[in-house]
Amino acid sequence: MDFAAMKPADLRGLIRKGELTGPTTSMCNGYAQGNLVVLPKALAWDFLLFCQRNPKACPLLEVADAGERTFAQFGKGGDIATDIPRYRVYEHGELTGEYTDVSKFFEERNDLVSFLIGCSFSFESELLEAGIPVRQIEEGVNVPMYNTNIPCTPAGVFSGNMVVSMRPIPYRQGPAAITAGMPRVHGMPVQIGEPEAIGIHDLAHPDYGDAVTINPGETPVFWPCGVTPQNVVMHSKPEFCITHAPGHMFVTDVKNVELKY
């Protein structure tokens, strides 16, 4: 099945049926993908402020009303609780389970507020069009992601450090100018070539996702990542939170080009 050429609504339908449970990288070419954070309404204001204060790591695309299971602007007709291949549930900062369907949590309480956050998968098509390789697509694995020593600006109960995604880029090719025009999907890299400077000491063992090959003549390039909220949740320990599993995104109906300057 050609997932790259599939329309988002059709892909979400397969996910809803449980027929697709893997990472969504390179699927629905040209369409934006998003990270998910779901919190009780009592914590939603603090998290909204957190996103506003940390727009590189948490570029906010849409917020659903409390209890609502659809992103009306980015995925009308979609179901937030079923249309992501794999979810994570945290309670008091502890990962308590992974699920392919989190409907029961929405049914148990009507105060859940869902946040859709931009994803770096959206600028990968721009890199490919510029002739810049995207290694995890070539190798058919999840993008490598790492915890860093870069502190986020706290807001209310939320605090913690940034998570970054990494793509090895040939020295002669500069991706920064390409992604700079897409701040709603993380924009500029935060570090190029010196992982130790941001607290990363072993590229072969990412904290999330899979390791990829770094060939001679390539340098690791690091972008802010929408998995940052999961690191923040583990640090801040809110009573309850649902997220996507890293690399398993909500595929939206909005084209990547609509998120450019």
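Fair warning: this is a prediction, and the values are worked out from it, not measured in the lab.

1. Topic: the overall build of the protein chain
Then, number 1: Secondary structure assignment for the protein chain yields 7 helices and 11 strands.
Then, number 2: The C-alpha atoms of the protein chain give 17 Å as radius of gyration, which agrees with the globular expectation for 261 residues (18 Å, within 12%).
Then, number 3: Across its three principal directions, the C-alpha atoms of the protein chain cover 55 × 40 × 35 Å.
Then, number 4: Residues classed as buried in the protein chain amount to 57% of the 261 residues present.
Then, number 5: Nonlocal contacts in the protein chain, meaning residues at least 24 apart in sequence, comprise 77% of its contacts between residues at least 6 apart.
Then, number 6: A total accessible area of about 10,600 Å² is found for the protein chain, and carbon and sulfur atoms account for 50% of it.
Then, number 7: Here the protein chain carries 20 positive and 30 negative side-chain charges, and the mean point of each set is 4 Å from the other.

2. Comments concerning the pattern of salt bridges
Then, number 1: All chains considered together, the criterion is met by 11 salt bridges.
Then, number 2: Two residues, Arg12 and Asp253, come together in a salt bridge whose shortest N-O distance is 3.0 Å. Note that Arg12 is positioned in helix H1 (residues 8-16) and Asp253 in strand S11 (residues 250-255), a separation of 241 residues in sequence.
Then, number 3: Of the charged contacts, one joins Glu138 and Arg135 as a salt bridge, the two residues approaching to 2.7 Å between their closest N and O atoms. With Glu138 and Arg135 both in helix H5 (residues 135-139) and 3 residues apart, this pair spans about one turn of that helix.

3. Observations concerning the packing of aromatic side chains
Then, number 1: In the structure shown here, the tally under the stated rule is 8 aromatic pairs.
Then, number 2: When the ring of Phe47 is compared with that of Phe158, the centres are 5.5 Å apart and the planes differ by 75°; the resulting orientation is edge-to-face. Here the residue Phe47 occupies a position in helix H2 (residues 41-53), and Phe158 occupies one in the loop between strand S6 (145-151) and strand S7 (161-170), the gap between them amounting to 111 residues.
Then, number 3: Judged by relative accessible area, Phe158 falls into the buried class, the value being 1%.

4. Notes on the pairing of S7
Then, number 1: The buried count for S7 comes to 9 of 10 residues, which makes it a mostly enclosed element.
Then, number 2: Strand direction decides the pairing type here: S6 and S7, joined by 4 bridges, are antiparallel. Looking at S7, one finds that Pro151 is bridged to Asn161.
Then, number 3: Summarising the sheet, S7 and strand S9 (residues 218-224) pair through 7 bridges and their orientation is antiparallel. The residue of S9 that forms the bridge with Pro168 is Pro220.

5. Things to note about the sheet that holds strand S8 (residues 191-192)
Then, number 1: Strand order in this open sheet of 4 strands is S6-S7-S9-S8, and the pairing throughout is antiparallel. Edge positions in the sheet fall to S6 and S8, since each has one partner strand and no second.
Then, number 2: Against the sheet, helix H7 (residues 228-236) touches S6 and S7, its axis set at about 150° to S7.

6. Quick look at the environment of Val38
Then, number 1: Examined against the element boundaries, Val38 turns out to sit in strand S1 (residues 31-40).
Then, number 2: The buried category is assigned to Val38, whose relative accessible area is 0%.
Then, number 3: Between the alpha carbons of Val38 and Glu258 there is a distance of 25 Å; along the sequence they are 220 residues apart.
Then, number 4: Once you skip the residues sitting within four places of it in the chain, Val38 turns out to touch Phe106, Leu112, Val113, Ser114, Phe240, Cys241 and Ile242.

7. Remarks on the side chain of Gln230
Then, number 1: Along the chain, the position of Gln230 falls in helix H7.
Then, number 2: Among the polar contacts made by the side chain of Gln230, one reaches the side chain of Thr243 at a distance of 3.3 Å.
Then, number 3: Those residues in contact with Gln230 that lie beyond four places of it in its chain are Arg88, Tyr90, Thr243, His244 and Pro246.

8. Points about the environment of Thr243
Then, number 1: The residue Thr243 is located in strand S10 (residues 241-244) in this model.
Then, number 2: Its relative accessible area of 1% is what places Thr243 among the buried residues.
Then, number 3: Each C-alpha atom, one on Thr243 and one on Arg88, is 5.2 Å from the other, the two residues being 155 residues apart in sequence.
Then, number 4: Dropping the residues within four chain positions of it, Thr243 is found in contact with Leu36, Tyr87, Arg88, Tyr90 and Gln230.

The rules behind the values
Positions within a chain are numbered from 1, following the residues in the order the chain's sequence is written. The predicted origin of the model limits local features to residues at a pLDDT of at least 70 and limits the giving and counting of side-chain atom pairs to 80 or more, whereas totals for whole chains, interfaces and linings rest on all residues. In computing side-chain values, all of the structure's heavy atoms are included and hydrogens and water are not. Here a helix means four or more residues in a row that DSSP labels H or I, a strand means two or more in a row labelled E, and each is numbered from the N terminus. Here the globule rule reads 2.2 Å times residues to the power 0.38, and the radius of gyration is calculated from C-alpha atoms. Throughout this description, buried means an accessible area under 20% of the type-specific maximum (1.4 Å probe, protein chains only), exposed means over 50%, and partly exposed covers the range between. Residue contacts are defined here by distance: any two heavy atoms, one from each residue, within 4.5 Å place the two residues in contact. Methods summary: accessible areas were calculated by the Shrake-Rupley approach with a probe of 1.4 Å, and residue burial reflects only the protein chains presented. Think of it this way: Lys and Arg go in the positive column, Asp and Glu in the negative one, and His and the chain ends go nowhere. Charge positions are represented by NZ for Lys, CZ for Arg, CG for Asp and CD for Glu. Think of a salt bridge as a Lys or Arg side-chain nitrogen and an Asp or Glu carboxyl oxygen that are within 4 Å of each other. Pairing of aromatic side chains requires ring centres within 6.5 Å, counting the rings of Phe and Tyr and the six-membered ring of Trp. Pairs whose planes differ by under 30 degrees are stacked, by over 60 edge-to-face, and all others tilted. One requirement defines pairing of two strands: DSSP has to find at least two bridges between them. Note on definitions: angles span 0 to 180 degrees between N-to-C directions of axes, and those axes are lines fitted to C-alpha atoms, for helices only across the stretch in contact. Residues adjacent in sequence count toward polar contacts only when both atoms are side-chain atoms; beyond that, a polar contact is any pair of N or O atoms within 3.5 Å, and within protein one must be able to donate a hydrogen and the other to accept it.

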